[in-house]
Each structure stands twice: as C-alpha cells, then as structure tokens.
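Read off the chains here:
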Amino acid sequence: DKGTYPYYMLKEIDEQPNVMRKLASLYTQESGRPNVNQALINTMKQADRIYIVGAGTSYHAGLVGKKLFEKLTHVPTEVHVASEFAYENPLLSDNPFFIFLSQSGETADSREVLVNVNAHDYKSLTITNVENSTLFREATYTMLLHAGPEISVASTKAYTAQIGVEAILAKALGEAKQQVIAEEFDIRQQLGLVATGMQAIIDEKEMIEDLAKKYFVPTSKAFYIGRGIDQTVSLESALKLKEISYVQAEGFASGELKHGTIALIEDGTPVVGIITQKRTANLTRSNLQETMSRGAKTFTIVRNGLAQEGDTIIIPDVDEMITPLLSVVPAQLIAYYTSLNKGLDVDRPRNLAKSVTVE
Ligand code: F6R
C-alpha cells in the first residue's frame with residue numbers, strides 16, 4: 001500500500017533511513033561489531049578471490065562492494081554482469097567465492113551462473129530481499145536485505161540495502177582476516193550516520209525537484225561523472241534517470257570524458273559531478289570545467305567539507321568508503337522528479353518488468 005504517496009518510488013526512497021537502521025540492528029551488536037553467520041565468514045576466509053554477480057542496479061551495488069571488500073579484506077574481488085558471466089566462462093581462481101546480488105532473487109541470468117557454480121561445488125552467498133526466492137534457495141549461504149517489498153520498477157532501497165549488507169560483511173571478513181581492527185570503521189555507527197544523512201537529503205526534496213525541473217526536464221541527454229567510487233554511483237544515477245524519465249544519460253569516469261565522449265556536450269547539456277572523495281575532488285572539478293567551457297550546464301553532489309560552488313547538493317559526512325549510500329539519494333530524487341514533471345508513470349516505465357526471468 002502506498003498510503004499517501006503518489007508513487008511507490010517516492011515511498012521507497014523515503015524508507016531508506018529506516019532500512020539502514022534495521023540493518024544496523026540486525027547485523028551488528030551494541031558494541032558496533034558485525035553480527036554475521038560465523039560459518040559464512042569461515043568459508044569466505046578460505047577464498048583467494050571473490051566474484052560478485054548481478055544485473056542492472058544490483059551489478060552497480062556490486063561495483064561498490066568490490067571497493068569495500070578490497071579495502072577491508074584485501075581479497076581481490078571481481079564484479080560481473082550476470083548475462084555475460086553465464087556464457088563467457090571467465091577464468092576462475094583456485095578457491096573462488098561467489099556473491100549473488102539480487103533484489104528479487106529471481107533474475108534468470110544470475111540463476112544461470114549459480115547453477116554452474118553449484119555444479120562445480122563452489123561456495124556462494126545470495127544477498128536478496130526475497131526470502132525463499134530461487135537464488136535464496138540455491139546458494140550455500142544467504143543474507144536478507146530486510147528492505148521490505150520493493151514495488152516500483154526502479155530499484156532504490158534495494159541498492160542502498162545491498163551496499164549496507166556488503167559493508168557489514170566486508171567489515172566482518174576484514175576483522176576475521178585481521179586486515180582491519182574492530183575500532184576502525186565502526187559500521188554500526190556509520191550506518192546510524194548514513195540514516196540521519198539520508199533523512200537530511202530527503203528533507204531537501206523541494207530543492208532537488210527544482211534542480212530536476214531546471215536541468216533535466218528540458219533535456220534529452222545528460223551526464224553524471226565522477227572518479228573511483230563516485231564513478232560507480234554515476235552509473236547507477238544515469239540508469240535511474242534513463243529508465244523512468246527516458247533522458248539518455250551516461251555515467252562516466254570524469255577523466256575519461258575528454259578521450260572522445262566530450263564531443264557529445266552541447267550548449268545546455270546537463271553534467272552532474274559527484275564529488276565525495278578528497279583525493280580526487282579537484283580533478284573532477286577540473287573535468288567539470290572542461291565540460292562547462294563547451295557549453296554544459298553543471299552542478300555537483302558534494303560531500304560536506306569539500307569545496308562547493310554553483311548549484312550544489314551537499315551530502316552529510318560519512319566514511320569515504322560508504323558515500324554511495326548518500327550520494328545516490330539525490331540522483332534517485334532527480335530521476336523521480338524528472339519523470340513526475342514529464343507526466344510519466346514513475347513506477348511503471350515503458351518496456352520494463354520488475355523482475356527479469358528470461359535470459
Ligand atoms: C533498475 C532495476 C534493474 C534490476 C535488475 C536486477 O532500477 O531495477 O536494473 O536491478 O533487473 O534485478 P534483481 O536485483 O532483482 O536481480
């Protein structure tokens with residue numbers, strides 16, 4: 001039931017702070033330590049490489065997961081699009097461990113990979129929102145997203161819940177492998193900060209709607225750019241905009257634009273810079289400048305404390321490893337309000353199904 005909300009998508013965006021609190025209470029202890037199935041951690045400790053498999057938004061959550069696992073556990077991690085992995089038989093390490101990310105637990109391409117993984121007796125974990133779904137039943141281990149039903153075709157709270165669970169799991173494995181100490185990256189505290197931060201962004205809805213009207217309603221193409229973890233969020237931000245507002249959007253590594261794609265920038269093309277990492281903030285700023293001098297209309301989604309100028313959405317400060325949990329929220333709202341103000345059916349975009357059960 002969407003209650004007083006015009007569309008499920010807005011309700012599901014609004015639910016994200018509570019999902020973060022729920023993950024903190026279910027998967028961490030009062031002390032801040034992760035609370036994750038010990039057998040799962042023991043199995044993962046044996047792995048020499050982690051393979052994350054997903055489609056669409058779940059694949060994008062996997063890209064963030066790679067950063068978390070590599071940073072906190074030092075286990076090399078690959079992320080694969082399910083439909084590609086299924087038929088390309090990528091070379092595997094001696095002791096692989098598979099993580100399946102799927103909101104629905106029913107995506108056919110991901111299932112195809114899992115059938116193969118099981119045929120080889122490799123161990124796996126499914127992170128899903130749907131208990132007893134196919135991917136839930138067929139994996140060795142499972143962790144639930146506890147996000148509540150996601151009805152809108154455009155995935156929002158499942159993406160942030162997937163990243164939340166990956167962060168908890170990476171911290172747990174990192175501690176078990178003695179790559180990170182308990183006192184570092186207090187995941188319980190961080191998820192609390194994220195919840196508060198998400199709420200602060202959501203409270204700025206009206207300002208974000210104004211930006212959507214100014215930049216995105218009048219356009220047929222747009223760019224999100226960033227570096228590192230911000231680049232992965234640029235992909236998800238562009239996907240959200242494409243699927244419900246039909247603006248042709250690209251997410252891009254900001255330093256790569258000038259190697260060809262910048263030719264697409266015209267007078268008035270909107271370009272959004274996502275800037276949450278101190279180390280690369282100035283680089284992305286100068287890449288934005290490059291698009292401005294070719295006529296782009298730019299604005300930024302910036303982590304508090306990093307310099308701002310022009311139209312800006314400020315996101316509250318959290319650990320640099322989990323900024324996607326906050327930087328994606330303005331992009332979700334931009335997509336929502338662009339679709340809404342174009343008079344489209346936000347929850348049921350054309351040509352799309354909520355769960356893709358054919359290969
Ligand atoms: C985008 C979206 C899709 C799904 C993808 C995978 O908003 O919803 O890209 O993320 O079809 O679905 P699941 O996670 O159910 O496997």
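That block above? That's the structure.
Worth saying up front: this structure is predicted, and the values here are computed from it rather than measured. (Residues numbered from 1 in each chain as written. Predicted model: local features only at pLDDT ≥ 70, side-chain atom pairs only at ≥ 80, totals over all residues. Heavy atoms only, no water.)

Enquirer: I'd like a description of the overall build of the chain, backed by residues and values.
Expert: A count of helical and extended segments in the chain gives 13 helices and 10 strands. Rg of the C-alpha trace for the chain: 20 Å, near the compact-globule value of 21 Å for 359 residues, within the 12% margin. A principal-axis box enclosing the C-alpha atoms of the chain has dimensions of 55 × 45 × 45 Å. Here the chain, with 359 residues, has 56% of them falling under the buried criterion. Of the contacts formed within the chain by residues at least 6 apart in sequence, a portion of 75% connects residues at least 24 apart. Carbon and sulfur atoms make up 46% of the accessible area of the chain, which totals about 14700 Å². Side-chain charges of the chain comprise 35 positive and 44 negative groups, with the mean position of each set lying 2 Å from the other. (Helix = DSSP H or I, 4+ residues; strand = E, 2+ residues; numbered from the N terminus. Rg over C-alpha atoms; globule rule 2.2 N^0.38 Å. Buried < 20%, exposed > 50% of the residue type's maximum accessible area, 1.4 Å probe, protein only. Contact = heavy atoms within 4.5 Å. Areas by Shrake-Rupley, 256 points an atom, 1.4 Å probe, with all protein chains shown as cover. Lys, Arg positive; Asp, Glu negative; His and termini not counted. Charge placed at Lys NZ, Arg CZ, Asp CG, Glu CD.)

Enquirer: Just give me the short version of the environment of Ala 263, but keep the residues and values in it.
Expert: If you trace the backbone, Ala 263 turns up in the loop between strand S7 (248–253) and strand S8 (270–275). Given the relative accessible area of 67%, Ala 263 is considered exposed. Sequence spacing of Ala 263 and Pro 17 is 246 residues, and the spatial spacing of their C-alpha atoms is 39 Å.

Enquirer: Account for the site of the ligand, naming residues and giving values.
Expert: Around the ligand there are 13 residues in total, and Ser 58, Ser 102, Ser 104, Thr 107 and Glu 243 lie nearest to it. In the environment of the ligand, an oxygen atom lies 2.6 Å from a nitrogen or oxygen atom belonging to the side chain of Ser 102. In this structure, an oxygen atom belonging to the ligand sits 2.5 Å away from a side-chain N or O atom of Glu 243. A per-element tally of the shell around the ligand places helix H4 (residues 56–73) first, with three residues. Looking at side-chain class alone, the shell around the ligand contains three nonpolar, eight polar and two charged residues. (Near = heavy atom within 4 Å. Polar contact = N/O pair within 3.5 Å; in protein donor to acceptor, adjacent residues only side chain to side chain. Nonpolar A, V, L, I, M, F, W, Y, C, P; charged D, E, K, R; others polar.)

Enquirer: So what's going on with helix H11 (residues 229–245)? Which residues, and what values?
Expert: Helix length check: H11 (17 residues) gives 24 Å between terminal C-alpha atoms against 24 Å at 1.5 Å per residue, within 8%. When you tally the buried positions in H11, you get 13 out of 17 residues, the bulk of the element. Following H11 by one or two positions, Tyr 246 has its phi on the positive side, about 65°. (Expected span 1.5 Å × (residues − 1).)

Enquirer: Could you give an account of the environment of Thr 232, naming the residues involved and the relevant values?
Expert: Inspection of the secondary structure assignment puts Thr 232 in helix H11. Judged by relative accessible area, Thr 232 falls into the buried class, the value being 4%. Each C-alpha atom of the pair Thr 232 and Val 64 lies 6.7 Å from the other, and the pair is 168 residues apart in sequence. Residue contacts for Thr 232: discarding those within four places in its chain leaves Leu 63, Val 64 and Lys 67.

Enquirer: Describe in detail the sheet that holds S8, supporting the description with residues and values.
Expert: Strand order in this open sheet of five strands is S7-S6-S8-S9-S10, and the pairing throughout is parallel. In this open sheet, the two strands that pair with only one neighbour each are S7 and strand S10 (312–315). When strand polarity is set aside, the average angle formed by the axes of neighbouring strands in this sheet is 15°. Pairing analysis gives three bridges linking strand S6 (residues 221–226) to S8, with the strands arranged parallel. Residue pairing for S8: Tyr 224 is matched across the bridge by Val 272. Contacting S6, S8, strand S9 (297–303) and S10, helix H13 (residues 324–341) crosses the sheet at an angle of about 140° to S10. (Pairing = 2+ DSSP bridges. Axes fitted to C-alpha atoms, helices over the stretch in contact; angles between N-to-C directions.)

Enquirer: Could you give me a rundown of the nonpolar core, with the residues and numbers involved?
Expert: Judged by nonpolar contacts, the single largest core of 90 residues is most densely connected at Ile 99, Leu 169 and Tyr 224. The residues contacting Leu 169, other than those within four sequence positions of it, are Val 36, Leu 40, Ile 41, Met 44, Phe 69, Ile 99, Leu 125 and Met 143. One finds Ile 265, Ile 275, Ala 281 and Ala 296 within the second-largest nonpolar core, a separate group that totals 13 residues. (Core = buried A, V, L, I, M, F, W, Y, C linked by side-chain atoms within 4.5 Å.)

Enquirer: Give a detailed account of the sheet that holds strand S4 (residues 123–128), specifying residues and quantitative values.
Expert: Strands sit in the order S2-S1-S3-S4-S5 across an open sheet of five strands; the sheet is parallel. Every interior strand has two partners, whereas the edge strands, strand S2 (77–81) and strand S5 (141–144), have only one. Direction aside, neighbouring strands of the sheet carry axes that sit 20° apart on average. Summarising the sheet, S4 and S5 pair through four bridges and their orientation is parallel. Of the residues in S5, the one forming a bridge with Thr 128 is Leu 144. Packing against the sheet, helix H8 (residues 157–176) makes contact with strand S1 (49–54), strand S3 (96–102), S4 and S5, and its axis sits at approximately 155° to S3.

Any functional reading would require information beyond the geometric quantities listed.
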